[in-house]
Amino acid sequence: MPDRVLAVLTAPEAGSEVAEPFRFADPDAPLLRVLDLGATRGDGVFETLGVGAGRAQAVDAHLARLARSASMLELPEPDLDAWRAAAIAVAERMSEHAEAFVKLVYTRGVEGSGRPTGWVLGAPSPDHSVARTAGIRVVVLDRGLPHDSAGELPWLLQGAKTLSYAVNMAALREARRRGADDALFVSSDGFLLEGPTSSLLIKRGDRLVTPSTSLGILAGTTQAEAFRFARLRGLTTSYEILGPEGLTDADGLWLLSSVRNAAPIRSIDGDERPIDAAFTADLNAHLLARRD
Ligand code: PLP
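Residues numbered from 1 in each chain as written. Predicted model: local features only at pLDDT ≥ 70, side-chain atom pairs only at ≥ 80, totals over all residues. Heavy atoms only, no water.

Draft legend 1. Quick peek at a negative patch on the surface. On the surface, a cluster of negative charge is contributed by Asp142, Asp148, Glu152 and Asp189. Inspection of the secondary structure puts glutamate 152 in the loop between β7 (136–142) and α5 (166–177). Look at glutamate 152 and you get exposed, because its relative accessible area is 59%. (Patch = residues over 30% accessible without salt bridge, like charges linked within 9 Å, V, L, I, M, F, W, Y side chains within 5 Å. Areas by Shrake-Rupley, 256 points an atom, 1.4 Å probe, with all protein chains shown as cover. Salt bridge = Lys/Arg side-chain N within 4 Å of Asp/Glu carboxyl O. Lys, Arg positive; Asp, Glu negative; His and termini not counted. Charge placed at Lys NZ, Arg CZ, Asp CG, Glu CD. Helix = DSSP H or I, 4+ residues; strand = E, 2+ residues; numbered from the N terminus. Buried < 20%, exposed > 50% of the residue type's maximum accessible area, 1.4 Å probe, protein only.)

Draft legend 2. Here's a closer look at the packing of helix α2 (residues 59–72) against helix α3 (residues 80–92). At a minimum axis distance of 11 Å, the contact between α2 and α3 shows a crossing angle of 135°. When the interaxial angle is binned, α2 and α3 end up oblique. Here α2 runs over α3; the crossing is right-handed. Here α2 contributes Val59, Asp60, Leu63, Leu66 and Ala67 to the contact with α3, which in turn contributes Leu80, Trp83 and Arg84. Looking at the contact of α2 with α3 residue by residue, the classes come out as six nonpolar, no polar and two charged. (Axes fitted to C-alpha atoms, helices over the stretch in contact; angles between N-to-C directions. Parallel < 35°, antiparallel > 145°, perpendicular 65-115°, else oblique. Left-handed = near helix turned anticlockwise from the far one by under 90°. Contact = heavy atoms within 4.5 Å. Nonpolar A, V, L, I, M, F, W, Y, C, P; charged D, E, K, R; others polar.)

Draft legend 3. Broad picture of the side chain of glutamate 13. The topology assignment puts glutamate 13 in the loop between β1 (5–9) and β2 (22–25). Despite being buried, glutamate 13 has no salt bridge partner; arginine 115 is the closest side chain of opposite charge, sitting 4.9 Å away. Not counting the four nearest positions on each side in its chain, glutamate 13 is found in contact with Pro76, Glu77, Pro78, Asp79, Tyr106 and Pro116.

Draft legend 4. Looking closely at the pattern of salt bridges. The final tally for this structure, using the stated rule, is 16 salt bridges. With its nearest N and O atoms 2.8 Å apart, the salt bridge here joins aspartate 182 to arginine 260. Of this pair, aspartate 182 sits in strand β8 (residues 182–186) while arginine 260 is found in the loop between β13 (252–257) and β14 (261–268), placing the two residues 78 residues apart along the sequence. Taking the relative accessible area as the measure of exposure, aspartate 182 reaches 2% and is therefore buried.

Draft legend 5. Just the side chain of glutamate 194, in detail. As for its placement among the helices and strands, glutamate 194 is situated in strand β9 (residues 194–195). In this structure the side chain of glutamate 194 is engaged in a polar contact, spanning 3.1 Å, whose partner is the backbone nitrogen of leucine 218. The contact partners of glutamate 194, leaving out residues within four places of it in the chain, are Arg143, Leu184, Phe185, Ser199, Gly216, Ile217 and Leu218. (Polar contact = N/O pair within 3.5 Å; in protein donor to acceptor, adjacent residues only side chain to side chain.)

Shape descriptors only; they carry no functional weight alone.
Below is the structure:
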């Protein structure tokens, strides 16, 4: 069974007539040009989708977000039919893995060429069972911007899923330095935001809450699915602007993301937090069974 599968888009942008939307390629062969702006400037966008037994999850939601992110970076509009075909074909080749992921990468292309680059890579998922059951230790980190800055500072691309994730990776390293597994960003004025690669979910009684995307955070596809799950169970859901009290008066907290799904937070800055094991298990079962 293949461990990694790569498809290269022939023309990742809309409006090009091509016979074949993608071709499979050897993931170990040299492929990316050294002048690709995705590599030299982090100038591009990406998406990571979960794959369960060969079926890509939440494809439409991820493609819609790819198009939104591309538009925020003023990249050419992506040809979503070509991206969908490539993502589904790569996911199908991962069918012997119970859990895998596919990553869609769309860059501004080789400098000066005016042509974007796009590829889809599939690989088996790491084992996330410990994070999903025992939970994760989280530290709170200041993202350094006020909570209402997204509209005023559009060039900072808050809320776009860009390839410029060096800051997010640095935050994860800082979390590990502090003895934790993951981080939660807050705004410089103390409002709860998101993790470096995840959305925050809060349970308060029979209500599920997540920070509002007006705060310049990513609209999470896993969070959206968690809200659908909650409504099926008769819980109410809301998007809110929350200060630190949002963490202290919670009955349960999770970081949500495609692939890892729902990781319950077992401590924040060293303070133990309760884990709702039954709710977490049901939510993860729902997320793993997601088909679209
Ligand atoms: N927020 C950020 C900054 C992310 O990078 C991610 C995923 O990588 C998420 C939230 C969660 O998004 P999703 O649930 O669609 O994977």
